[in-house]
Amino acid sequence: MQALSDAKTGEIYTIKWMFGLPEVIEFLHSRHVEEGGTVRVIQRCRDSVIIGVRDVRLALGNEVAERIKV
């Protein structure tokens, strides 16, 4: 298991667990980012990760991506 911030670009991962502030988790769940779901790492930047979930693309800061384990 690794943090989403350490995931390889272009790979598809299943989210094992995630934690953080309730508001952040609620926002991610509303965008279909949830435990058991799959995400694709589109691009890794210096301080963020761009992921794809279904037809949604999200940019997550490393501090959020570190709290999502895949």
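Rules and cut-offs
Residues numbered from 1 in each chain as written. Predicted model: local features only at pLDDT ≥ 70, side-chain atom pairs only at ≥ 80, totals over all residues. Heavy atoms only, no water. Helix = DSSP H or I, 4+ residues; strand = E, 2+ residues; numbered from the N terminus. Rg over C-alpha atoms; globule rule 2.2 N^0.38 Å. Pairing = 2+ DSSP bridges. Axes fitted to C-alpha atoms, helices over the stretch in contact; angles between N-to-C directions. Core = buried A, V, L, I, M, F, W, Y, C linked by side-chain atoms within 4.5 Å. Buried < 20%, exposed > 50% of the residue type's maximum accessible area, 1.4 Å probe, protein only. Contact = heavy atoms within 4.5 Å. Patch = residues over 30% accessible without salt bridge, like charges linked within 9 Å, V, L, I, M, F, W, Y side chains within 5 Å. Areas by Shrake-Rupley, 256 points an atom, 1.4 Å probe, with all protein chains shown as cover. Salt bridge = Lys/Arg side-chain N within 4 Å of Asp/Glu carboxyl O. Lys, Arg positive; Asp, Glu negative; His and termini not counted. Charge placed at Lys NZ, Arg CZ, Asp CG, Glu CD.

1. Details of the overall build of the protein chain
Consideration 1: Along its length, the protein chain carries two helices and six strands.
Consideration 2: Reading the helices (α) and strands (β) of the protein chain from amino to carboxyl end gives β-β-α-β-β-β-α-β.
Consideration 3: For 70 residues, the compact-globule formula gives about 11 Å, and the C-alpha radius of gyration of the protein chain, at 10 Å, lands near that figure.
Consideration 4: Based on the C-alpha atoms only, the size of the protein chain along its principal axes is roughly 25 × 25 × 20 Å.

2. Considerations on the sheet that holds strand E3 (residues 38–44)
Consideration 1: The four strands lie next to each other as E1-E3-E4-E5, forming an open sheet whose pairing is antiparallel. Every other strand in the sheet has two partners, leaving strand E1 (12–14) and strand E5 (56–61) as the edge strands with one partner each. Strand-to-strand twist in this sheet, taken as the mean axis angle between neighbours without regard to direction, amounts to 35 degrees.
Consideration 2: Both strand E4 (residues 48–53) and E5 contribute to a ladder of six bridges, which runs antiparallel. If you follow Ser 48 over to E5, its bridge partner there is Gly 61.

3. Quick look at the nonpolar core
Consideration 1: If you look at the biggest cluster of nonpolar residues, it comprises 18 residues, and the most contacted ones within it are Leu 4, Val 33 and Ile 51.
Consideration 2: Contributing elements (two or more residues each) for this core: helix H1 (22–30), E3, E4 and E5.
Consideration 3: Here the element with the most residues in this core is E4; it accounts for three residues.
Consideration 4: For Leu 4, the residues in contact, after removing those within four places along its chain, are Val 39, Val 41, Val 49, Ile 51, Leu 60, Ala 65, Ile 68 and Val 70.

4. Overview of the environment of Ala 65
Consideration 1: Looking at the element boundaries, Ala 65 is found in helix H2 (residues 62–65).
Consideration 2: Through-space distance from the C-alpha of Ala 65 to that of Gln 2 is 10 Å; in sequence the pair is 63 residues apart.

5. Considering a negative patch on the surface
Consideration 1: A surface patch of negative charge is lined by Asp 6, Asp 47, Glu 63 and Glu 66.
Consideration 2: The topology assignment puts Asp 6 in the segment before E1.
Consideration 3: Judged by relative accessible area, Asp 6 falls into the partly exposed class, the value being 48%.

6. Some words on unusual backbone geometry
Consideration 1: Phi at His 32 takes a positive value of approximately 70 degrees, unusual for a residue other than glycine.
Consideration 2: Its place among the elements puts His 32 in the loop between H1 and E3.
Consideration 3: According to the relative accessible area criterion, His 32 is partly exposed, its value standing at 32%.
Consideration 4: Its identity as a non-glycine residue notwithstanding, Arg 54 has a phi of 55 degrees, on the positive side.
Consideration 5: The residue Arg 54 is located in the loop between E4 and E5 in this model.
Consideration 6: Classification of Arg 54 by relative accessible area gives exposed; the value is 62%.

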